[in-house]
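Summary of the model geometry
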Amino acid sequence: MKNLIGLSKNELNAELIQLGEKPFRTKQLWHWLYHQGETDFSEMTTLAKPFREKLSSLYTIIHPKIITEQNSKDGTRKWLMEFEDGKQVECVYIPEEDRGAVCISTQVGCAQGCKFCHTGTQKMMRNLTAGEIVGQFMTARDSYGEWPTKTDENRMLSNIVVMGMGEPLYNFENLKTALNILMDGDGIAISKRKITVSTAGMADHIPELADLGVKLAISLHAPNNEIRNQIMPINKKFPLEKLITACKEYQARCERRSFITMEYVMLKGINDSPENAQELMQLVKGLEVKFNLIPFHKWDGAPFEPSDMQTIKNFSKILENHWFAAPIRRSRGEDIMAACGQLKSARDKKEI
Ligand code: SAH
Ligand code: SF4
């Protein structure tokens, strides 16, 4: 049976029209699915009983299943979620100064193989469907009891960061469908300004993110092609010139002024010298950016060491002296291995 979660509003409408229903039924059903978070057709009391019965004979409503949940002492919560075919991803709630963000995945595994990333050591299994991308956020809401959709000020789960497993822009169509569902004001209603998509640099789709209105983060991690080629294979296909051009196009297409977050993981002796900082500032000329310096999270067998804290602070100072924001990212959920680049599926964990 077909899962209704993940169908765009138009697709849902087409399904109902095929069943001979009037278009206003789409609105009602959408409200049950995405405003109420209802998973049981028989509870959808505004729909006529025969219609409910017809729906439940043809469709399912499935949120990903929680296999495990871990709570960190700093308030981070990590779930291992499972989809219908048994594939699993991790999803994390990260408390921030003002409420918090849910970090969601777009693929099981990742094909990009960045040398510093644990996910990159896993095989790419498959793309997630739009329903599985939206579903992670819905399951997180289930876990926090935030249905029906609360007003923006009253919800804990206020933001979404697409920074989990996988490269979102290599699953672009499903990502787009999912974001449109997550942003829909009649349902989950997360404002586009509260959604950030992070990419390793798949330049072709970057400008289109401006049309969706979401924020952009780039996993930059290097000030020149030489270093970037060593640590991020995607740079061979989309070298920095192409990436920076795509970022400029994104900013030109954004309706409102939108800073790009440049993520920069600090790797000892690789990309952390004062000269690297200078080069980095040259590289981003003509763009409005803020940096986010990420202490490298070491994992077993990782080919790099984290930079010393003093080195990171010096690096940050150089950027800040030139009026760039360059905070050092505070690590969250370290005690439950929830930090970036550490997300894994359980199955692969067992293999190691
Ligand atoms: N594939 C996308 C989104 C997921 S990765 C991307 O690469 O942007 C989320 C972030 O964690 C990226 O910035 C990634 O570069 C960073 N990251 C990966 N491994 C890490 C590690 N071991 N330590 C610190 N950050 C890491
Ligand atoms: Fe994939 Fe992003 Fe990890 Fe690179 S950093 S391997 S693109 S998840």
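One can find the structure itself at the top, above this paragraph.
**Some details on the overall build of the protein**
Along the backbone of the protein there are 12 helices and 13 strands. Radius of gyration (C-alpha) of the protein: 21 Å, near the 20 Å computed for a compact globule of 352 residues. Dimensions along the principal axes, computed over C-alpha positions, put the protein at roughly 70 × 45 × 35 Å. Looking at the 352 residues of the protein, the share that counts as buried comes to 56%. Within the protein, counting contacts between residues at least 6 apart in sequence, those at least 24 apart form 64% of the total.

**Looking at the site of ligand 1**
Close contacts around ligand 1 come from 21 residues, with Phe 116, Gly 166, Ser 198, Ser 219 and His 221 the closest. Here Glu 167 contributes a side-chain N or O atom positioned 3.5 Å from a nitrogen atom of ligand 1. A distance of 3.1 Å separates an oxygen atom of ligand 1 from a polar side-chain atom of Glu 263. For ligand 1, whose free accessible area comes to 540 Å², the fraction covered by protein is 96%. Residue assignment for the shell around ligand 1 shows that the elements contributing at least two residues are strand E10 (195–199), strand E12 (260–266) and strand E13 (289–295).

**Section: the packing of helix H1 (residues 9–18) against helix H2 (residues 24–35)**
Helices that pack against each other are described as a pair by the angle of their axes relative to one another and the distance between those axes. For the pair H1 and H2, the least separation of the axes is 9 Å and the interaxial angle reads 125 degrees. With respect to their mutual orientation, H1 and H2 come out oblique. For the crossing formed where H1 meets H2, the hand is right-handed. Residues Lys 9, Leu 12, Asn 13 and Leu 16 of H1 lie in contact with H2, whose contacting residues are Arg 25, Thr 26, Leu 29, Trp 30 and Leu 33. Here the contact of H1 with H2 is built from residues that sort into 5 nonpolar, 2 polar and 2 charged.

**Comments concerning the site of ligand 2**
For ligand 2, the full set of nearby residues is Cys 110, Gln 112, Gly 113, Cys 114, Cys 117, Gly 120, Gly 166 and Ala 200. Looking at side-chain class alone, the shell around ligand 2 contains 4 nonpolar, 4 polar and no charged residues.

**Considerations on the pattern of salt bridges**
As a working rule, side chains carrying opposite charge can pair if their charged atoms are close by. Scanning the model with the defined rule gives 22 salt bridges in all. Residue Glu 21 is joined to Lys 54 by a salt bridge in which the shortest nitrogen-to-oxygen separation is 3.7 Å. Taken as a pair, Glu 21 in the loop between H1 and H2 and Lys 54 in helix H3 (residues 49–58) lie far apart in primary sequence, 33 residues in all. Residue Lys 54 is classed as partly exposed on the basis of its relative accessible area of 31%. Lys 78 is the partner of Glu 90 in a salt bridge, and the nearest nitrogen-oxygen pair spans 3.4 Å. In this pair, Glu 90 sits in strand E5 (residues 88–95) while Lys 78 sits in strand E4 (residues 77–82), placing the two residues 12 residues apart along the sequence. Each member of the pair, Glu 90 together with Lys 78, is buried. Salt bridges sharing common partners tie together Asp 98, Arg 99, Asp 152, Arg 155 and Lys 194.

Analysis parameters
- Residues numbered from 1 in each chain as written.
- Chains lettered and ligands numbered in written order.
- Predicted model: local features only at pLDDT ≥ 70, side-chain atom pairs only at ≥ 80, totals over all residues.
- Heavy atoms only, no water.
- Helix = DSSP H or I, 4+ residues; strand = E, 2+ residues; numbered from the N terminus.
- Rg over C-alpha atoms; globule rule 2.2 N^0.38 Å.
- Buried < 20%, exposed > 50% of the residue type's maximum accessible area, 1.4 Å probe, protein only.
- Contact = heavy atoms within 4.5 Å.
- Near = heavy atom within 4 Å.
- Polar contact = N/O pair within 3.5 Å; in protein donor to acceptor, adjacent residues only side chain to side chain.
- Areas by Shrake-Rupley, 256 points an atom, 1.4 Å probe, with all protein chains shown as cover.
- Axes fitted to C-alpha atoms, helices over the stretch in contact; angles between N-to-C directions.
- Parallel < 35°, antiparallel > 145°, perpendicular 65-115°, else oblique.
- Left-handed = near helix turned anticlockwise from the far one by under 90°.
- Nonpolar A, V, L, I, M, F, W, Y, C, P; charged D, E, K, R; others polar.
- Salt bridge = Lys/Arg side-chain N within 4 Å of Asp/Glu carboxyl O.

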